[in-house]
Each structure stands twice: as structure tokens, then as C-alpha cells.
Amino acid sequence: MIKISNECNTLSKLEALENGDFDVVTMQATNQAMDLITDANSSGKLTGRIYGGKLLDGDYYHYIGMNADQVCVDNKPDSTRSKNMRKAFSILFSCNRSNMIELSQKGAAQIDYPASQISWSVPQPEDEEYKQAYSEDVDGNGIYNSNMSVEEREAAACKAALGYLRKAGFKTKSGKITAFPENTGKKYTIYIPDDTQEQGMLTIARNAQKLFKQIGIKLVLKEHCSLARLTKHLKQGKAQIWCGKEETSVSGDMYRMYHSRQKKNKTAGSRNYLHIKDSDLDEFVKMPRKTRDILVSVIVPKKVKAVVYLSQRNQSTDFPVLTCAVAKREEGYVAAVGDDSEILNSF
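These remarks concern the structure in this document. Values in this document were obtained by computation on a predicted structure and should not be read as measured data.

Rules used throughout
Residues numbered from 1 in each chain as written. Predicted model: local features only at pLDDT ≥ 70, side-chain atom pairs only at ≥ 80, totals over all residues. Heavy atoms only, no water. Pairing = 2+ DSSP bridges. Helix = DSSP H or I, 4+ residues; strand = E, 2+ residues; numbered from the N terminus. Axes fitted to C-alpha atoms, helices over the stretch in contact; angles between N-to-C directions. Contact = heavy atoms within 4.5 Å. Phe/Tyr/Trp six-rings, centres within 6.5 Å; stacked < 30°, edge-to-face > 60°. Lys NZ or Arg CZ within 6 Å of the ring centre and 35° of its normal. Salt bridge = Lys/Arg side-chain N within 4 Å of Asp/Glu carboxyl O. Buried < 20%, exposed > 50% of the residue type's maximum accessible area, 1.4 Å probe, protein only.

The subject of this paragraph is the sheet that holds strand β7 (residues 218–225). Spatially, 4 strands are ordered β3-β8-β6-β7 in an open sheet, and the strand pairing comes out mixed. The outermost strands of the open sheet, each flanked by one partner alone, are β3 (60–66) and β7. The average angle at which neighbouring strand axes cross in this sheet is 30 degrees, direction not considered. Contacts between helix α3 (residues 80–94) and the sheet are confined to β3, β6 (187–193), β7 and β8 (241–247), with β3 contributing the most and set at about 135 degrees to the helix. Contacts between helix α8 (residues 227–236) and the sheet are confined to β6, β7 and β8, with β6 contributing the most and set at about 135 degrees to the helix.

Pasting the structure below:
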């Protein structure tokens with residue numbers, strides 16, 4: 001019999017494993033948990049002489065968001081110049097983020113698309129069209145190469161950011177901004193609530209602050225701000241830039257976060273804090289809601305006498321996260337656990 005525990009704290013769970021009280025436990029992959037496991041294994045790895053561990057993708061991700069109405073050129077958030085300005089900022093924020101995340105949170109993964117890896121909609125590195133986020137300059141050339149040091153990547157990021165800023169109407173000389181477009185801010189504020197700081201967001205923001213200063217823009221860090229305060233500013237549309245945490249589902253529905261109409265939607269869980277207004281993006285995020293591909297029947301081979309299929313979903317409208325099927329056949333019973341493709345291949 002396998003006993004699974006997700007009660008009690010990390011230390012108690014590990015002690016229970018060693019004592020044989022439990023066979024399997026689940027826990028958050030905090031730095032404390034990672035250190036306890038790797039130290040006990042004496043190998044620096046999650047799997048060793050004492051424990052066998054595996055990291056699983058979570059149903060959330062952390063991100064840095066920008067309010068298009070607050071971070072724009074000449075008070076025109078939807079203009080090409082404003083978009084180029086925000087791309088420049090994004091390059092500076094994303095530079096060396098993998099290093100920053102690893103320094104702050106062991107085992108954390110870097111993602112390049114706005115959804116958790118559990119979602120089917122997230123492109124994977126092995127996909128043909130996969131690209132690292134904000135890794136191309138204004139001419140479409142790659143900013144980095146695999147041999148660059150941290151300092152070289154920072155210099156390349158600043159150079160690429162200045163290229164986008166020139167397209168946004170900024171004047172530059174010798175790696176510095178010399179003139180700003182009309183009605184465009186010279187100082188910006190980023191909010192960093194406590195629940196995002198342990199995930200490397202504070203380290204990323206501090207690194208970006210240094211790069212912003214190098215090119216002539218002031219980035220103010222609001223560290224340890226309360227989540228309630230940040231949420232208030234987001235709802236009022238006053239927050240310029242912030243570090244956030246977003247839950248995601250297997251279905252990957254992005255309508256509530258990115259559709260233009262969501263700025264005025266007061267329904268719980270619906271918002272577009274980014275204040276994006278883009279007709280092409282609106283059509284894209286509406287696609288999953290307009291497509292109605294529904295499974296209406298399954299043909300079971302005649303040799304199967306009886307079948308039972310069960311699935312577990314995080315919410316009723318979501319894709320299943322775990323499926324199980326058992327079939328009675330002439331030669332005995334067959335069971336399969338996994339995704340739908342694994343189950344169909346088993347029959």
C-alpha cells in the first residue's frame with residue numbers, strides 16, 4: 001500500500017519518509033526543502049541515497065507587468081513608438097534573469113511565454129518556432145550568444161534597448177539618452193510585493209535598476225509593498241510596473257488577462273491590468289472561446305468487454321490533469337494512468 005501525505009511542514013514530512021511512516025510526500029520546492037534533501041543525499045541532487053525527489057511544474061508563474069497607459073510615449077499607449085519603448089524596458093528586465101532566478105530560488109524555471117508549463121498552450125523549447133523572450137534587437141538580430149559573460153550580456157542588452165528607444169523617439173549618444181520625447185516620463189516605479197521577492201523578482205528588479213541608470217532612466221523600487229496596496233493601485237490603473245504572481249490552468253485561457261474589454265470588466269477574476277488594446281491580440285485570445293471542438297463518441301474494440309474512465313480536473317471547464325482507465329478484456333484487465341494519448345495507446 002502506498003501512503004501519500006501533504007499535511008504538516010517540510011521537516012516533519014522528510015522525517016516521516018526516513019522513519020517509513022510515509023512512502024510519498026508532496027511539498028513546495030522552497031530553498032529550505034531543496035537544501036535539506038540535497039544535503040541528506042550528500043550528492044547535491046534531489047535523488048540520492050536517502051531521498052528520491054522530482055520537481056513538478058506549478059500552476060502559477062511570476063512575471064513583470066507594465067501598464068501601457070502609464071509606460072508610453074507622448075500619452076499614446078497604443079502607438080508603435082510606445083510599444084518600442086516597452087520592448088526596450090522588457091529587454092533590460094529580462095537580461096540575465098535565469099542567473100537572477102537561480103541565485104534567489106533553487107529549482108525555479110525560466111519561462112518565455114505568459115503561462116505555466118502545465119498548460120498545453122505553452123510552446124516548448126523543442127518547438128520549431130520557439131524563441132527566448134526579448135532576445136532580438138530592433139532589426140531582428142539576436143542580442144546574445146551562448147559564450148557571453150554576465151557583463152557582456154548586460155552591455156548587449158543596453159545596446160539593444162537603446163536601439164528600440166531611438167525608434168521610440170529618444171535621442172541617444174555614447175550609450176546614454178540625451179533627450180526624451182514630449183510627454184514621456186524620465187522616472188518609473190516598480191512595485192515588488194513580498195510574495196514575489198523570494199522567487200528572484202527582487203534580484204531581477206535590482207539588476208534592471210542598474211541597467212536603467214546606465215542608459216539614463218531612473219527606476220524606483222518599491223520593495224516590501226503589501227499585496228493589498230499593489231492590488232489597489234492596479235485596479236485604479238496607477239501602477240506603472242509591478243512584479244506579479246498569476247495562476248494558470250491547463251486550458252491556457254488568456255482572455256481575462258489580455259483582452260481590451262477586460263479593462264472595464266468588474267467581474268471577479270477578470271482584469272487587464274496591462275491596459276493592452278490590440279485588435280490582433282483580442283482576436284487571438286478569443287479563439288479558445290469561439291472554438292467548440294467537443295468529443296462526442298469513442299469507438300471501443302469489440303474484444304473489450306467493459307471500460308471505466310475517470311479524470312481529475314482542477315475546475316469543471318478545464319482539461320484533465322490526471323486520467324485513469326480500466327478495461328476488461330478476454331485475457332484479463334488492463335489499466336492505464338496518464339494523459340489521453342497514453343490511455344488510447346493502451347487499448
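The tally for this structure, following the rule as stated, stands at 5 aromatic pairs. Taking 5.4 Å as the distance between ring centres and 65 degrees as the angle between the ring planes, the aromatic pair formed by Phe170 and Phe180 counts as edge-to-face. Here Phe170 is found in the loop between α5 (150–167) and β4 (171–173), whereas its partner Phe180 is found in the loop between β5 (176–179) and β6, with 10 residues between them in sequence. Ring-pair connections join several aromatic residues into one group, and the members of that group are Phe89, Phe93, Tyr188 and Phe212. The ring of Tyr144 has Arg153 lying over it, and the distance from NZ or CZ to the ring centre is 3.9 Å.

A word on the pattern of salt bridges. For the structure on display, the rule yields 6 salt bridges. Residue Glu136 is joined to Lys131 by a salt bridge in which the shortest nitrogen-to-oxygen separation is 3.5 Å. Take Glu136: its relative accessible area is 30%, and that puts it in the partly exposed class. For Arg206, the salt bridge goes to Glu223, with nearest N and O atoms at 2.9 Å. Separated by 17 residues along the polypeptide, Arg206 in helix α7 (residues 201–215) and Glu223 in strand β7 bring together distant segments of the chain. On the basis of relative accessible area, Arg206 is assigned to the partly exposed category, the value being 43%.

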